[in-house]
Amino acid sequence: MKPLLAANWKMNLLRSEAEALAAEVGQHVVEYGDINFDVLVCPPFIHIAAINEILAGSPVALGAQNVNQNGFGAHTGEVNSEMLKQSGCSYVIVGHSERRANHSETDELTRLKAESVISFGMTAIVCLGETLAEREEKKTLQCISKQLSGSLPSQFNGQNLVIAYEPVWAIGSGLTPNLSQIEEVHSEIRSQLNKYSNDANDVRILYGGSVNPANSKTILSVKNVDGGLIGGASLNFNDFWTICLSVL
Ligand code: PGA
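Residues numbered from 1 in each chain as written. Predicted model: local features only at pLDDT ≥ 70, side-chain atom pairs only at ≥ 80, totals over all residues. Heavy atoms only, no water.

Caption draft 1: Inspection of the nonpolar core at higher detail. Counting 60 residues, the largest nonpolar core has V39, L84, I163, I189 and L193 as its most contacted members. Residue contacts for L84: discarding those within four places in its chain leaves F45, I48, A64, N66, V67, V79, C89, V92 and M122. Ranked by size, the runner-up nonpolar core spans 13 residues in total, among them A6, I93, A164 and L229. (Core = buried A, V, L, I, M, F, W, Y, C linked by side-chain atoms within 4.5 Å. Buried < 20%, exposed > 50% of the residue type's maximum accessible area, 1.4 Å probe, protein only. Contact = heavy atoms within 4.5 Å.)

In C-alpha cells, the structure reads:
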C-alpha cells in the first residue's frame, strides 16, 4: 500500500506563509520524481483556494480540516463538501479530536460528514483516538472500536476512506505510544474494518500524534501503519520532508 503523509496545518500560517510552504512541498515532490508515497496538505479553509493555485498540476493533494455535512443553506460560518470539491480538495479530515473535544462533535456527526465527503468523490480521513484516562483504564481498544463503528461511512473502500489513529494525549504533547501499543491499535482497526467490508484491505490507517523527524522512521514502519497525519512538524518544511522521506 502506498503510504500517505498528510500535513494538518490546523489554525496556523498567514496566507503568504502557507503559499510559500505549499510551494516548497510541491517543488520537492516534483524534483524527487517518482516517489512511492502520497503527500497531502490540509490548510485552513481560507487558504484553500490560494493553495490550489500554487499546487496546480502538482502531485501534492489538497485537503480540508473539517466540513459541514449539509448541502447549501442557512448555516452561518460553515463550508460544505461541494464547495471544497470545487476549490480543489480531494481529502477532508473529519472527527479530529480537537473537533470532538472543542466543538462537541460526535461519532454520528463524524459519520455524516464522512458520507458527505464521499458523496462528492473525495476521500474522508476519519480520526479516532483514546484519551489518557481511557488508556490508563485499559479501555483503548474498546474506545477505538466504539468510535470506529459510530463514525464509519456506510459505503467505504480504500479509495474513499482513510483512518487516522491519533491518541488524544499524544497530539501536540511530544508523547507517543510505544511501538507495540501503536501496532495493537492499528491491527485492531484493520480487523474491525475487515468485519465491516470486504473492500477494506486497501483502507490506509495513519498514525498521528507528535510524529517528528526523530521518531517517524520507527513509527511509520510499524505493521499496519500506512502513513502519518502530521500536525506541528508539518509547519516546518525540513521537518515535514524528513518525515516524508522516512517512509522510503
Ligand atoms: P501533532 O498533531 O503532530 O502536532 O501532534 C497531529 C494532529 O493533531 O493531527
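Next comes the rest of the description.
Caption draft 2: View of the layout of surface pockets. For the largest pocket, the calculated volume is near 430 Å³. Around the largest pocket, the lining comprises 18 residues; the ones closest to its centre are M11, Q65, N66, R99 and H103. The leading source of residues in the lining of the largest pocket is helix α4 (residues 97-102), at 3 residues. For the lining of the largest pocket, the per-class residue count stands at 6 nonpolar, 8 polar and 4 charged. (1 Å grid on protein atoms, 1.4 Å probe; cavity = no way out; pocket = protein on both sides within 12 Å on 5 of 7 lines; lining within 4 Å. Points joined across faces, edges and corners; volume = space filled by probe spheres on them. Helix = DSSP H or I, 4+ residues; strand = E, 2+ residues; numbered from the N terminus. Nonpolar A, V, L, I, M, F, W, Y, C, P; charged D, E, K, R; others polar.)

Caption draft 3: A look at unusual backbone geometry. In the Ramachandran plot, L13 falls in the positive-phi region, its phi being about 80° despite a non-glycine side chain. Inspection of the secondary structure puts L13 in the loop between β1 (4-8) and α1 (15-32). Accessibility expressed as a relative area gives 23% for L13, which makes it partly exposed. Of note in this structure, S210 is not a glycine but carries a positive phi near 60°. Structurally, the position occupied by S210 is in the loop between β7 (204-208) and α9 (216-220).

Caption draft 4: Inspection of the packing of helix α7 (residues 140-151) against helix α8 (residues 179-196) at higher detail. Taken N-terminus to C-terminus, the directions of α7 and α8 make an angle of 35°; their axes are 10 Å apart at the nearest point. Relative to α8, the crossing made by α7 is right-handed. For the pair formed by α7 and α8, the contact residues are T140, L141, I144, S145, L148 and S149 on the first element and E184, V185, E188, I189, Q192, L193 and Y196 on the second. Split by residue class, the contact of α7 with α8 holds 7 nonpolar, 4 polar and 2 charged. (Axes fitted to C-alpha atoms, helices over the stretch in contact; angles between N-to-C directions. Left-handed = near helix turned anticlockwise from the far one by under 90°.)

Caption draft 5: Summary view of the environment of T123. Mapped onto the elements of the fold, T123 is located in strand β5 (residues 123-128). Given the relative accessible area of 9%, T123 is considered buried. Placed 99 residues apart in sequence, T123 and V222 show a C-alpha to C-alpha distance of 23 Å. Here T123 is in contact with S90, Y91, V92, V117, Q159, N160, L161 and V162, once residues within four sequence places are set aside. Side-chain polar atoms of T123 contact the backbone oxygen of Q159, separated by 2.6 Å. (Polar contact = N/O pair within 3.5 Å; in protein donor to acceptor, adjacent residues only side chain to side chain.)

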